[in-house]
Amino acid sequence: MEGWRYNATLSGVPQGATCSPVLSNVYLDRLDRFVEAELLPAYTRGKTRRWDTRYKSLVNKVDRARRQGHHDEARALLKRAQRLPSHDTHDPAYRRLHYVRYADDSLLGFTGPKAEAEEIKRRLGAFLRDTLKLELSKEKTLITHAASQAARFLGYDIVVQHADDKHDRRGHRAVNGRIGLRLPADVVERKCALYLRNGKPIHRARLTQDDDYGILRQYQSEYRGVVQYYLLAHNVCWLRKLHWIMETALLKTLAHKHKARVTAMARRYRGTASTPYGPMKCLEARVERPGKEPLVARFGGIPLRRQKTAILIDQSPLYLRTDRNELVKRLLADTCEICGSTENCEVHHIRKLVDLKQKGRRDKPVWVQIMAARQRKTLVVCRPCHDAIHGGRLTRQGDRNGSLESRVLRKA
């Protein structure tokens, strides 16, 4: 047997705190030195595997057939040979052990029989228990065969690739025995579930408080964080499903805010982003600034292609906004939302939205219409408008100027 992967997670190491990776690296330095000094030399021997006798015999027949001019026979023999391993996978004189650790998660790749993999696990557990006073997590400490079962490490599936039909320019098999990084299917489903309700993309009412630029920027931040972390995966293209779901949820959020159709939002925010692989369609929102370059927020425009030299950022994307909320932004604007005055602005509160629907009221004042349209229990108004609201009188301009009322409601 070969290709056993030993995936271990330690229990007892502090987790969750900001300093936990640093503390893990300091405390587990003795573990690294033990593996380097004891385990790696003991389970690493031999320069190369010996040739597989069946494969070598067929290759010799291929060479004889080519020298005799029997090219069709040579091709048939070569196809038979490329269905066999070129080296002996059970060579007792060849062993390899590799070790990698990130904070309290470790992964050991061992080329050898399962019995020796179990022995490595026992020796490692004994050292942790006797020297570092730590225990291996039974739920996460697994021994798997990398050719048939992936090992989960840092969100990736670690596999050994096998494909006899994948050849390089010389006609040699190119991927057999090579380590592959794959994006797990359950990770894609878990990321998609954040934007689904009853199996369909849904809008996010929390984000409708923000402007269009902020909404697109938030969705792009979340999408870019996931894509950037899995750029090393061979199947990063699986994130196309996440892109479609997030794009639909984004358009529904914009449509919910503007009380419009999703197709209208798609036409309004249609854009194009330039990439190293050519232009890509995306959604784009611009904020014009006098005398400065406009602020541009895009969703999409990220090629889902593997990058062998990508540098990963181990930071989960933030799904909840932590900046100022809508009320704070409206207060900082210091503008009356009825008449537009910038003097002595205050906040008018109501107990609940149902109070706006009073029976017997024929014509709703403009402040009631604004709060009902925004579905908000607060309204930033100037002092005269605030006094007029509490006194049951007409506000300074809102109830007398129909054009202003229409402008405010469209803005809401």
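Above: the structure in question.
Residues numbered from 1 in each chain as written. Predicted model: local features only at pLDDT ≥ 70, side-chain atom pairs only at ≥ 80, totals over all residues. Heavy atoms only, no water.

## Concerning a positive patch on the surface
A cluster of basic residues, K61, R64, R67, K79, R80 and R83, forms a positive patch at the surface. Element by element, the count of residues in the positive patch is highest for helix α3 (residues 53–67), at 3 residues. Residue placement: R64 occurs in helix α3. The exposure class assigned to R64 is partly exposed, which follows from its relative accessible area of 39%. (Patch = residues over 30% accessible without salt bridge, like charges linked within 9 Å, V, L, I, M, F, W, Y side chains within 5 Å. Areas by Shrake-Rupley, 256 points an atom, 1.4 Å probe, with all protein chains shown as cover. Salt bridge = Lys/Arg side-chain N within 4 Å of Asp/Glu carboxyl O. Lys, Arg positive; Asp, Glu negative; His and termini not counted. Charge placed at Lys NZ, Arg CZ, Asp CG, Glu CD. Helix = DSSP H or I, 4+ residues; strand = E, 2+ residues; numbered from the N terminus. Buried < 20%, exposed > 50% of the residue type's maximum accessible area, 1.4 Å probe, protein only.)

## Some details on the side chain of D212
Positionally, D212 belongs in helix α7 (residues 212–229). A polar atom in the side chain of D212 sits 2.3 Å from the side chain of Y269. Once residues within four sequence positions are removed from consideration, D212 is found in contact with L254, K257, H258, Y269 and A285. (Polar contact = N/O pair within 3.5 Å; in protein donor to acceptor, adjacent residues only side chain to side chain. Contact = heavy atoms within 4.5 Å.)

## Observations regarding the packing of α3 against helix α4 (residues 71–81)
Two quantities define a packed helix pair, namely the angle between the helix axes and the distance between the axes. Running from amino to carboxyl end, α3 crosses α4 at an angle of 165°, the nearest separation of the two axes being 8 Å. The pairing of α3 with α4 is recorded here as roughly antiparallel in orientation. The two elements α3 and α4 cross, and the hand of that crossing is left-handed. Across the interface between the two elements, Y55, L58, K61, V62, A65 and R66 of α3 pack against H71, E73, A74, L77, L78, R80 and A81 of α4. Grouping the amino acids of the contact of α3 with α4 by side-chain chemistry returns 8 nonpolar, 1 polar and 4 charged. (Axes fitted to C-alpha atoms, helices over the stretch in contact; angles between N-to-C directions. Parallel < 35°, antiparallel > 145°, perpendicular 65-115°, else oblique. Left-handed = near helix turned anticlockwise from the far one by under 90°. Nonpolar A, V, L, I, M, F, W, Y, C, P; charged D, E, K, R; others polar.)

Keep in mind these values describe shape, not function.
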